[in-house]
Amino acid sequence: MALYLASSLVLTGLIWFVQIVHYPLFDAVKDMSGEYYRLHAAKTGWVVVLPMVVQMGCAAWFALRPGEWDGGLMRLLFATVVLVWIATFTLSVPQHNLLANGYNEQAVRMLVHTNWIRTVLWSAHAAGLLWIVTKR
């Protein structure tokens, strides 16, 4: 449970940083040519991928084998993680693919607007997980 909670809290903090600071600053970096965006994507991947995979694995584990934890809430939390992944690969990744070709104002706007979905889902997920852990 500690690994699950840690990955969820890391991702929640990270998504708020991305939503409030990182994505809006893309407008200030009009020259997203080659090297900048390549480095951005590579470095962000190191920070995001492992916690997302850990969170998904833990969420699936506790949804399927809740043991002493509330099974209904664990399945709901798993559903929020699945929705985050769907939003990531259907909304965010296509916009990042556009930005890989250079600055695109509409792609940045779409990232900022649609990222609220992931921000709300990850925040709700963390709140639910904290609630289930602290109620024990």
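Treat the numbers as computed from the prediction; the structure is a model and nothing was measured.

Engineer: Explanation requested: the overall build of the protein chain in the structure shown.
Structural biologist: What the protein chain contains, in helices and strands, is 4 helices and 0 strands. For the protein chain, the succession of helices and strands along the chain, N to C, is α-α-α-α. With the C-alpha coordinates of the protein chain rotated into their principal frame, the extents come out at 50 × 25 × 20 Å. Looking at the 136 residues of the protein chain, the share that counts as buried comes to 40%. Once local pairs closer than 6 in sequence are excluded, the contacts in the protein chain between residues at least 24 apart make up 79%. A total accessible area of about 7,400 Å² is found for the protein chain, and carbon and sulfur atoms account for 72% of it.

Engineer: Please clarify how a nonpolar patch on the surface should be interpreted in this entry.
Structural biologist: A cluster of nonpolar residues, Trp16, Phe17, Ile20, Val21, Leu25, Trp116 and Val120, forms a patch on the protein surface that exposes about 660 Å² of accessible area. At the level of elements, α1 (2-25) and α4 (105-134) are the ones that each hand at least two residues to the nonpolar patch. Tallying contributions element by element places α1 first for the nonpolar patch, with 5 residues. With respect to the secondary-structure elements, Val21 resides in helix α1. The exposure class of Val21 is partly exposed, given its relative accessible area of 32%.

Engineer: For this particular structure, what's the right way to read the layout of surface pockets?
Structural biologist: Over the atoms rolls a probe the size of a water molecule, and its path tells where empty space is left. In this structure, the largest pocket occupies an estimated 620 Å³ of space. As for the largest pocket, its lining consists of 28 residues, and the residues nearest its centre are Thr44, Gly45, Val48, His96 and Arg118. For the lining of the largest pocket, the secondary-structure elements that each account for two or more residues are α1, α2 (34-64), α3 (71-99) and α4. Of the residues belonging to the lining of the largest pocket, the class tally is 18 nonpolar, 8 polar and 2 charged.

Engineer: Hey, could you run me through α4 in this one?
Structural biologist: Every α-helix winds through 3.6 residues per turn, so residues three or four apart in the chain are directed the same way. Its 30 residues place the ends of α4 43 Å apart at the C-alpha level, agreeing with the 44 Å of an ideal helix rising 1.5 Å per residue. Its axis deflected by about 30 degrees at Asn115, α4 carries its strongest bend there. The residue sitting at the N-terminus of α4 and contributing the capping side-chain oxygen is Asn104; that oxygen lies 3.1 Å from the backbone nitrogen of Gln106.

Rules used in this analysis
Residues numbered from 1 in each chain as written. Predicted model: local features only at pLDDT ≥ 70, side-chain atom pairs only at ≥ 80, totals over all residues. Heavy atoms only, no water. Helix = DSSP H or I, 4+ residues; strand = E, 2+ residues; numbered from the N terminus. Buried < 20%, exposed > 50% of the residue type's maximum accessible area, 1.4 Å probe, protein only. Contact = heavy atoms within 4.5 Å. Areas by Shrake-Rupley, 256 points an atom, 1.4 Å probe, with all protein chains shown as cover. Patch = residues over 30% accessible without salt bridge, like charges linked within 9 Å, V, L, I, M, F, W, Y side chains within 5 Å. Salt bridge = Lys/Arg side-chain N within 4 Å of Asp/Glu carboxyl O. 1 Å grid on protein atoms, 1.4 Å probe; cavity = no way out; pocket = protein on both sides within 12 Å on 5 of 7 lines; lining within 4 Å. Points joined across faces, edges and corners; volume = space filled by probe spheres on them. Nonpolar A, V, L, I, M, F, W, Y, C, P; charged D, E, K, R; others polar. Expected span 1.5 Å × (residues − 1). Bend = angle between axes of the 7 residues up to and from the residue. Polar contact = N/O pair within 3.5 Å; in protein donor to acceptor, adjacent residues only side chain to side chain.

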